[in-house]
Amino acid sequence: MPRNARAAAVPPDLREGIDAFLGHLSLERGLAKLTVAAYEGDLLAFAAHCGRAGFTRWPDVGLAQVDAWVRTLDRRGQAPASLARRLSAVRSFARHLVRAGLRRDDFTELARGPKFQRRLPGLISPAEVARIVTSPDAATPQGLRDRAMLELMYGSGLRVSELCGLDLQAIDEESGIVRVRGKGAKDRLVPVGETSLTVLRAYLAAGRPALVRPKTGSALFLSARGVAISRKTFWLAVKQAAARAGLPPSVKPHLLRHAFATHLLAGGADLRSIQEMLGHADIATTQIYASVERSALADAHRRHHPRGRKA
């Protein structure tokens, strides 16, 4: 059902509660517009379901409505990951209703989500990363830019949006720190390694000046038009770098962020430190990299230990 039609099917009292929650997400928690819009779509879908079942006030909605909605989505073939995201939005909203005094209990507390295996991030070795990040042509401004972006993404574990959104003031060369604006408009400070700083200085000296145009602002990484580079352009640069390095087309920008985390863990870094650098709100998200590392160790044992292979 289109969002406008879905909104029209929502009883006024239910819609009012959702609008108040969306205002909280935007104004108090500072979530991005796209994130707030995703919450809105999921909550409108649930509220429309409740309205069709005859419920017009949030205090009357209960666990049975949540379970029925989840079963309906499941029958329609909703992917487990998408279903889990939708249920997570309703859970957050239910907790907000309790905090706001609009309900005495959390009606989602006993709701059961879908069972699915969380996919492990892909694995890429330090040698493969080295081939990728050194593949751009350092004789061109775009090559210097791409090399600096690849090094910084791998060296500091940035998200693509964070990397493309950096400005000149974000880098503190003396301290070796980059200030990153992450999810929910939250800033964090992330270390920048010497290798990243070296290629970044080369880009700032000979690459960025060649890309500057009369209306260029303070964006750190520029496109050929002199504006902040887009995620799509950087995605293409990663694919080209991987191809030059002889790696498969499945290599994507986020794989460098995964490599940052798994290689840190393999080197002995603790999960809490990695969580801080990645900007994960919940350490459970970071723990997926521990699973990756255990998986890699198990694979190495099977391949190389005399007792690791089946007779």
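The preceding data block contains the structure.
In this text, all values refer to a predicted model and were calculated from it rather than measured experimentally. (Residues numbered from 1 in each chain as written. Predicted model: local features only at pLDDT ≥ 70, side-chain atom pairs only at ≥ 80, totals over all residues. Heavy atoms only, no water.)

Got a minute to help me understand the pattern of salt bridges in this structure?
Pairs may arise between side chains of opposite charge once their charged atoms sit close together. This model, assessed by the stated rule, comprises 12 salt bridges. Linking E162 and R159 is a salt bridge whose minimum nitrogen-to-oxygen distance equals 2.5 Å. Taken as a pair, E162 and R159 share a single burial class, namely buried. A salt bridge links D187 to R181, with the shortest nitrogen-to-oxygen separation between them at 2.3 Å. By relative accessible area, D187 is classed as partly exposed at 39%. Because the salt bridges share partners, they merge into one network encompassing R15, D19 and E40. (Salt bridge = Lys/Arg side-chain N within 4 Å of Asp/Glu carboxyl O. Buried < 20%, exposed > 50% of the residue type's maximum accessible area, 1.4 Å probe, protein only.)

Looking at this structure, I do not really get helix α2 (residues 12-28). What am I missing?
An α-helical turn contains 3.6 residues, so a residue and the one three or four places further along point in the same direction. If you check α2, its first and last C-alpha atoms are 24 Å apart, about what 17 residues at 1.5 Å a residue would give, namely 24 Å. Taken as a whole, α2 has its buried residues at L14, G17, I18, F21, L22, H24 and L25. An end-on view of α2 places all buried positions within 150 degrees of arc, on one side of the element. Every exposed residue of α2 that faces more than 90 degrees away from the buried side is listed here: P12, E16, L27 and E28. Following α2 by one or two positions, G30 has its phi on the positive side, about 70 degrees. (Helix = DSSP H or I, 4+ residues; strand = E, 2+ residues; numbered from the N terminus. Expected span 1.5 Å × (residues − 1). Arc of directions from axis to C-beta.)

Hey, could you run me through the packing of aromatic side chains in this one?
To describe a pair of aromatic rings, one takes the distance between the centres and the angle between the planes. Under the defined criterion, the tally for this structure stands at eight aromatic pairs. Taking 4.8 Å as the distance between ring centres and 70 degrees as the angle between the ring planes, the aromatic pair formed by W58 and F93 counts as edge-to-face. Residue W58 is found in the loop between α3 (33-52) and α4 (63-75), and its partner F93 is found in helix α5 (residues 80-99); the two are separated by 35 residues along the sequence. Across this residue pair, the class does not change: W58 and F93 are buried. The rings of F21, Y39, F46, W58, W69, F93 and F107 are connected pair by pair, giving a single aromatic cluster. (Phe/Tyr/Trp six-rings, centres within 6.5 Å; stacked < 30°, edge-to-face > 60°.)

Any chance you could explain the environment of V90 here in plain terms?
By the secondary structure assignment, V90 is in helix α5. When neighbours within four sequence positions are excluded, V90 is seen to be in contact with L43, F46, W69, F107 and T108. (Contact = heavy atoms within 4.5 Å.)

Please clarify how helix α10 (residues 231-244) should be interpreted in this entry.
Here α10 spans 20 Å end to end across 14 residues, near enough to the 20 Å set by a 1.5 Å rise per residue. All of the buried residues along α10 are F234, A237, V238, K239, A241 and A242. Buried residues belonging to α10 abut α6 (126-133), α7 (141-156), α8 (160-164) and α11 (253-266).

Could you clarify how one ought to interpret the pairing of strand β3 (residues 187-191) in this entry?
Along any regular strand the residues' side chains alternate between the sheet's two faces. What you see with β3 is a clean split: R188 and V190 sit on the buried side and D187, L189 and P191 on the side with no burial. The sheet contact formed by strand β2 (residues 177-181) and β3 spans five bridges and is antiparallel. Directly across from I177, in β3, lies its bridge partner P191. (Pairing = 2+ DSSP bridges.)

Looking at this structure, I do not really get the sheet that holds strand β1 (residues 171-172). What am I missing?
Pairing between sheet strands relies on hydrogen bonds along the backbone, with the strands arranged either parallel or antiparallel. Spatial ordering of the open sheet is given by β1-β2-β3, a layout of three strands whose pairing is antiparallel. The strands lining the two open edges of the sheet, one partner per strand, are β1 and β3. As paired strands, β1 and β2 are joined by two bridges and run antiparallel to one another. Bridge pairing links D172 to I177 in β2.

That's the geometry; what it means functionally is another story.
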